[in-house]
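Report on the structure
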Amino acid sequence: MENQKLQPDFSTCSDAELSFEIKKGNQAAFEEITNRYRGLISTIALNYSAVGFDQSDFMQEGLIALLSACKAFSADEKKASFKNFAAVCISNRFLSVIRKANAKSTIPTDKLVPIEDIEISDHNRQNPETLLMEQESSNDFRAFLKNKLSHLEQNVLKLYLSGFSYTEIAKKLSVSSKSVDNALVRIRRKIAEQ
């Protein structure tokens, strides 16, 4: 009979002990901690959304964050439990994913112009029909923004298009950065549905 090395039973290990084993490259320890934290990752993932990402993508990102948390956790510090540390790492990973997704779907700030400042080019001024159609389209879009966006969304959009960061917008409007992010997600969805 082959001499097989038996894996220890990790079900009785603490999270900190599993973290130590994972740092040594023990796959069975990571499988155990994954089983323990799959529910937490799923629960945290329900609070986030990003264009082009579904819940299974967030689960995958959450598992990557869990692995990173295992490798970075130090039981010696005793400042936070592993569970709290992992939850913060997972949330931060999700926020990073959302920022990257939003960055890919936004226009560079140096290319943004406030809607009020849009002028029709001179080559179209020669054609009154084109001028009228563009003016009507512009007016329709402004009316759409005014009618479909909440007061907060209108203010967030105006500041965002003026080049302010999420943090700056949050301070100016006395709301959280998360509220700003959520407002921009809603704005994008409403514009896309138009």
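This text gives an overview of the structure that appears in the document.

**Quick look at the nonpolar core**
The biggest cluster of nonpolar side chains holds 24 residues, and the ones touching the most others in it are Ile33, Phe58, Leu66, Phe82 and Phe94. Put simply, the parts of the chain that give this core at least two residues each are α1 (15–23), α2 (27–45), α3 (55–72) and α4 (82–105). When residues in this core are grouped by element, the largest group, seven residues, is from α2. In this structure, Phe82 is in contact with Asp15, Ser19, Ile33, Tyr37, Leu66, Ala69, Cys70 and Phe73, ignoring residues within four places of it in sequence. With 14 residues, the next largest nonpolar core counts Leu159, Leu161, Val180 and Leu184 among its residues.

**Quick notes on the environment of Pro8**
Relative to the helices and strands, Pro8 is located in the segment before α1. With a relative accessible area of 48%, Pro8 lands in the partly exposed category. Distance from Pro8 to Ala29, taken between C-alpha atoms, is 9.1 Å for residues 21 residues apart in sequence.

**Some points on the environment of Gly62**
With respect to the element layout, Gly62 can be found in helix α3. Accessibility expressed as a relative area gives 0% for Gly62, which makes it buried. Sequence separation between Gly62 and Ile44 is 18 residues; the distance between their C-alpha atoms is 8.8 Å. Once you skip the residues sitting within four places of it in the chain, Gly62 turns out to touch Ile41, Ile90 and Phe94.

**Points about the packing of α1 against α2**
Working note: a packed helix pair is described by the angle between its axes plus the distance between those axes. Packing of α1 against α2 leaves a shortest axis separation of 8 Å and a crossing angle of 140 degrees. The orientation of α1 relative to α2 falls into the category oblique. Crossing handedness for the pair α1 and α2: left-handed. Between α1 and α2, the contacting residues are Asp15, Leu18, Glu21 and Ile22 on the first element and Ala29, Phe30, Glu32, Ile33, Arg36 and Tyr37 on the second. Broken down by class, the residue content of the contact of α1 with α2 amounts to six nonpolar, no polar and four charged.

Reading the values: rules and limits
- Residues numbered from 1 in each chain as written.
- Predicted model: local features only at pLDDT ≥ 70, side-chain atom pairs only at ≥ 80, totals over all residues.
- Heavy atoms only, no water.
- Core = buried A, V, L, I, M, F, W, Y, C linked by side-chain atoms within 4.5 Å.
- Buried < 20%, exposed > 50% of the residue type's maximum accessible area, 1.4 Å probe, protein only.
- Helix = DSSP H or I, 4+ residues; strand = E, 2+ residues; numbered from the N terminus.
- Contact = heavy atoms within 4.5 Å.
- Axes fitted to C-alpha atoms, helices over the stretch in contact; angles between N-to-C directions.
- Parallel < 35°, antiparallel > 145°, perpendicular 65-115°, else oblique.
- Left-handed = near helix turned anticlockwise from the far one by under 90°.
- Nonpolar A, V, L, I, M, F, W, Y, C, P; charged D, E, K, R; others polar.

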